[in-house]
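# Tertiary structure, described
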Amino acid sequence: MTSTLRRVYHVAAFGWYAIVVKYLSAKEGEELPAGIFLYGGPWKYLTFLNLLLQMSFFGLAALNDLQAVGKSESTLRRFKDLLFSVFAFPVGMFVVLLFWTICAYDRELVYPATIDTFFPPWINHAMHTFVLPVLLGEVLVQPHIYPQTKYALAMLGGVGLAYLLWIVWVYLSVGIWVYPLLAYFSTAGLVGFFFFNMSMVVLLYVLGDKLNSHVWKKDMNQMTTKAKPQPLCK
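Description of the structure in this document. (Residues numbered from 1 in each chain as written. Predicted model: local features only at pLDDT ≥ 70, side-chain atom pairs only at ≥ 80, totals over all residues. Heavy atoms only, no water.)

When its secondary structure is counted, the protein chain shows eight helices and zero strands. For the protein chain, the α and β elements follow one another from N to C terminus as α-α-α-α-α-α-α-α. Viewed in the frame of its principal axes, the protein chain has a C-alpha envelope of about 70 × 40 × 30 Å. Scored against the burial criterion, the 234 residues of the protein chain give a buried share of 41%. Contacts in the protein chain between residues at least 24 apart in sequence constitute 81% of all its contacts with a sequence separation of at least 6. Of the roughly 13,200 Å² of accessible surface on the protein chain, a fraction of 70% belongs to carbon and sulfur atoms. Counting 17 positive and 12 negative side-chain charges, the protein chain places the averaged centre of each group 16 Å from the other. (Helix = DSSP H or I, 4+ residues; strand = E, 2+ residues; numbered from the N terminus. Buried < 20%, exposed > 50% of the residue type's maximum accessible area, 1.4 Å probe, protein only. Contact = heavy atoms within 4.5 Å. Areas by Shrake-Rupley, 256 points an atom, 1.4 Å probe, with all protein chains shown as cover. Lys, Arg positive; Asp, Glu negative; His and termini not counted. Charge placed at Lys NZ, Arg CZ, Asp CG, Glu CD.)

Before going further, it helps to spend a moment on the packing of aromatic side chains. Counting across every chain of the model gives 17 aromatic pairs. Measuring from ring centre to ring centre gives 5.3 Å for Tyr23 and Trp122, while their planes differ by 65°; the resulting arrangement is edge-to-face. Placement of Tyr23 in helix α1 (residues 3-26) and of Trp122 in helix α4 (residues 121-128) is noted, with a sequence separation of 99 residues between them. Above the ring of Phe118, the side-chain terminus of Lys27 is found at 4.6 Å from the ring centroid. (Phe/Tyr/Trp six-rings, centres within 6.5 Å; stacked < 30°, edge-to-face > 60°. Lys NZ or Arg CZ within 6 Å of the ring centre and 35° of its normal.)

So, on to the nonpolar core. In terms of nonpolar packing, the biggest core is built from 63 residues, with Leu24, Phe84, Tyr111, Phe119 and Leu182 touching the most fellow members. Mapped onto this core, the elements with two or more residues apiece are α1, α2 (46-65), α3 (75-106), α4, α5 (131-141), α6 (149-174) and α7 (187-215). Considering each element in turn, this core owes the most residues, 15 residues, to α3. Setting aside chain neighbours within four positions, we find Phe84 in contact with Phe57, Phe89, Pro90, Leu135, Glu138, Val139, His144 and Tyr146. (Core = buried A, V, L, I, M, F, W, Y, C linked by side-chain atoms within 4.5 Å.)

α6 packs onto α3 with a crossing angle of 60° between their chain directions and a minimal axis gap of 10 Å. When the axis of α3 is compared with that of α6, the two are oblique. Once α3 is placed against α6, the crossing between them reads as right-handed. Contacts from Leu82, Val86 and Phe87 in α3 reach Ala152, Met155, Leu156 and Val159 in α6. In terms of residue class, the contact of α3 with α6 is made up of seven nonpolar, no polar and no charged. (Axes fitted to C-alpha atoms, helices over the stretch in contact; angles between N-to-C directions. Parallel < 35°, antiparallel > 145°, perpendicular 65-115°, else oblique. Left-handed = near helix turned anticlockwise from the far one by under 90°. Nonpolar A, V, L, I, M, F, W, Y, C, P; charged D, E, K, R; others polar.)

Next up on the list: the pattern of salt bridges. In this structure the tally under the stated criterion is five salt bridges. One salt bridge connects Asp65 with Arg6, and the closest N-O pair in it is separated by 3.6 Å. Separated by 59 residues along the polypeptide, Asp65 in helix α2 and Arg6 in helix α1 bring together distant segments of the chain. On the basis of relative accessibility, which here comes to 6%, the residue Asp65 falls in the buried class. (Salt bridge = Lys/Arg side-chain N within 4 Å of Asp/Glu carboxyl O.)

Below, the structure is given as structure tokens:
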């Protein structure tokens, strides 16, 4: 894909997420429907955090596109690739897949019908549907360099644990789970559910790596060859 189309894609995606985040931020101060509570604001919802993550990634991608072509190994490029490979892709895909899986069973467990009076349908899809095709589009427009798996999983695990501690703190503070589904689990069930979720995220990370390698096999081989240190003597 040409650099012009890639730049347009990144700017458009960043602009889209900026619009969505601005709309959600403007809701602050309005009367909340049943199913949403005040404590922790939107920061307790993985959906909102994911929107900020996606917006940050595409903002960095747009900035990276402004760099000279020769600066492919810049710090910005490496950080952008790290953000996409370890967080933006697996977390974004996880939000979409888990949300619609639970909704297919019983939407009241994750997104009660009362919320429909607060958020219009397009916002629901902006948060829980369009993230997936936008991420797949990013896989197609540019190759990404993935870190070593052990470091990636360590970072994913650290962030996952931090979010788990955060929502447990919210529950201990107000006695309400961020997601109604969690109220149906025993302590052992909660532990199992969180391990299951982290396993899903790990599998989605691996999927992203495989897709990236499959789509950009030739380019990745070239980048790997360039990255190899040259011997001092021949």
